[in-house]
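Topology and contacts: notes
Below, each chain spelled out in residue letters.
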Amino acid sequence: MLDSLTAGAAEDAAARRELVSHDEVERAALEQEPALDALAFLAPAERVKIIAEVKRASPSRGALAPITDPAALASTYQSAGASAISVLTEGRKFKGSLEDLELVRDTVSVPVLRKDFITLEYQVLEARAAGADLALLIVAALDQPTLERLHGFIGELGMTALVETHSADEVERALDLGASLIGVNARNLSTFELDRDLFATLADRIPAGVIRVAESAVKTAADVSHYRSSGADVVLVGEALVTGDPARTLEEFLGVQ
């Protein structure tokens, strides 16, 4: 599944590049206002912080919510206390787009994450040109030289990389980069099975000074509490928000000690 998603995202990026050249996207990226300091927004605090996600669909669940107005949803998230907004821009299985990200960026004042299957500098430039402050890098999808190159490029553009891991080896690879923001995704991106306890088994490998993000397997405030007690500074939540009352659910999650 991960290979398919990654290949599809690269093909779609290549098609966009036929319409908008690398130089044009680079120019648009460099003309953007400077990226927000996502690390400041997501820094550890007395209470857990939430990255709230704009997510229409997923390969495992299919359609989740139509989200005809991603900007309005993001505004709701911000008003309810989200520290950052994640926007899925992959179009084939997640039904997202860069246009969604642009609309969200124009509406909120917190950092915005481009969540996609990034393997190319062109995709990073697209993210910055659309106003993203963060970009996702999935360790399992990248060899170490490519991971290092993309991580460095994200930093050169003034953005922050959320480096996503799924195993102890991947955490070590993220630390070798000098990553300041490391996510542990409970969803195995090869099988799409969930392991809510994976974060707890890996959290101690992420040293102080690195922000720890728990991703996936969040349905209730109890799940957020479980991650928080296991050492999560931040929890990324999507499905639970878009399939219910976003504001009320987010407020419940943020009430976790």
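Residues numbered from 1 in each chain as written. Predicted model: local features only at pLDDT ≥ 70, side-chain atom pairs only at ≥ 80, totals over all residues. Heavy atoms only, no water.

**Considering the pattern of salt bridges**
Between side chains of opposite charge, a pair can form as their charged atoms come close. This model, assessed by the stated rule, comprises 13 salt bridges. Through salt bridges with shared partners, a single ionic network connects R16, R114, D116 and E126. (Salt bridge = Lys/Arg side-chain N within 4 Å of Asp/Glu carboxyl O.)

**Quick word on the nonpolar core**
Membership of the largest hydrophobic core comes to 71 residues, with the highest contact counts inside it found for Y77, I85, M159, Y227 and V235. Beyond its immediate chain neighbours, meaning those up to four positions away, I85 contacts I51, A52, V54, A74, Y77, Q78, V104, V108, V110, P111, V112 and L113. Of all hydrophobic cores here, the second largest spans 22 residues; its members include L5, I51, I211 and L236. (Core = buried A, V, L, I, M, F, W, Y, C linked by side-chain atoms within 4.5 Å. Buried < 20%, exposed > 50% of the residue type's maximum accessible area, 1.4 Å probe, protein only. Contact = heavy atoms within 4.5 Å.)

**Thoughts on the layout of surface pockets**
Looking at the largest pocket, its volume works out to about 480 Å³. In terms of lining, the largest pocket is formed by 29 residues, of which the most central are K55, R187, S216, A217 and E239. Looking at the lining of the largest pocket, the elements with two or more residues in it are β6 (134-138), β10 (234-237) and α11 (239-242). Considering only residue class, the lining of the largest pocket consists of 13 nonpolar, six polar and ten charged. The computed volume of the second largest pocket comes to approximately 360 Å³. (1 Å grid on protein atoms, 1.4 Å probe; cavity = no way out; pocket = protein on both sides within 12 Å on 5 of 7 lines; lining within 4 Å. Points joined across faces, edges and corners; volume = space filled by probe spheres on them. Helix = DSSP H or I, 4+ residues; strand = E, 2+ residues; numbered from the N terminus. Nonpolar A, V, L, I, M, F, W, Y, C, P; charged D, E, K, R; others polar.)

**Describing the pairing of strand β5 (residues 112-115)**
Of the two faces of β5, the one lined by V112 and R114 and the one lined by L113 and K115 are each fully buried. Summarising the sheet, strand β4 (residues 84-88) and β5 pair through four bridges and their orientation is parallel. Bridge pairing in β5 links V87 to R114. As for the winding sense of the linkage, the β-α-β connection from β4 through helix α5 (residues 98-105) to β5 is right-handed. With two bridges joining them, β5 and β6 adopt parallel strand pairing. Each residue of the ladder has a partner; that of L113, found in β6, is L134. (Pairing = 2+ DSSP bridges. Right-handed = clockwise from strand over helix to strand, strands pointing away.)

**Overview of the packing of helix α4 (residues 70-80) against α5**
For any two helices packed against each other, one specifies the inter-axial angle together with the distance between the axes. At a closest axis distance of 8 Å, the pairing of α4 and α5 adopts a crossing angle of 45°. As summarised for this structure, α4 and α5 are arranged oblique, according to the angle between their axes. Taken as a pair, α4 and α5 cross one another with a handedness that is right-handed. Within the contact between the two elements, α4 uses P70, A71 and A74 and α5 uses D100, L103 and V104. Of the residues that constitute the contact of α4 with α5, the class distribution is five nonpolar, no polar and one charged. (Axes fitted to C-alpha atoms, helices over the stretch in contact; angles between N-to-C directions. Parallel < 35°, antiparallel > 145°, perpendicular 65-115°, else oblique. Left-handed = near helix turned anticlockwise from the far one by under 90°.)

**Observations regarding unusual backbone geometry**
Backbone geometry places S216, a non-glycine residue, at a positive phi of 75°. In this structure, S216 sits in the loop between β9 (211-215) and α10 (221-229). Relative accessible area serves as the criterion here: at 18%, S216 is assigned to the buried category. In this structure, A217 takes a positive phi of about 65° despite not being glycine. Checked against the element boundaries, A217 lands in the loop between β9 and α10. Classification of A217 as buried rests on a relative accessible area of 17%.

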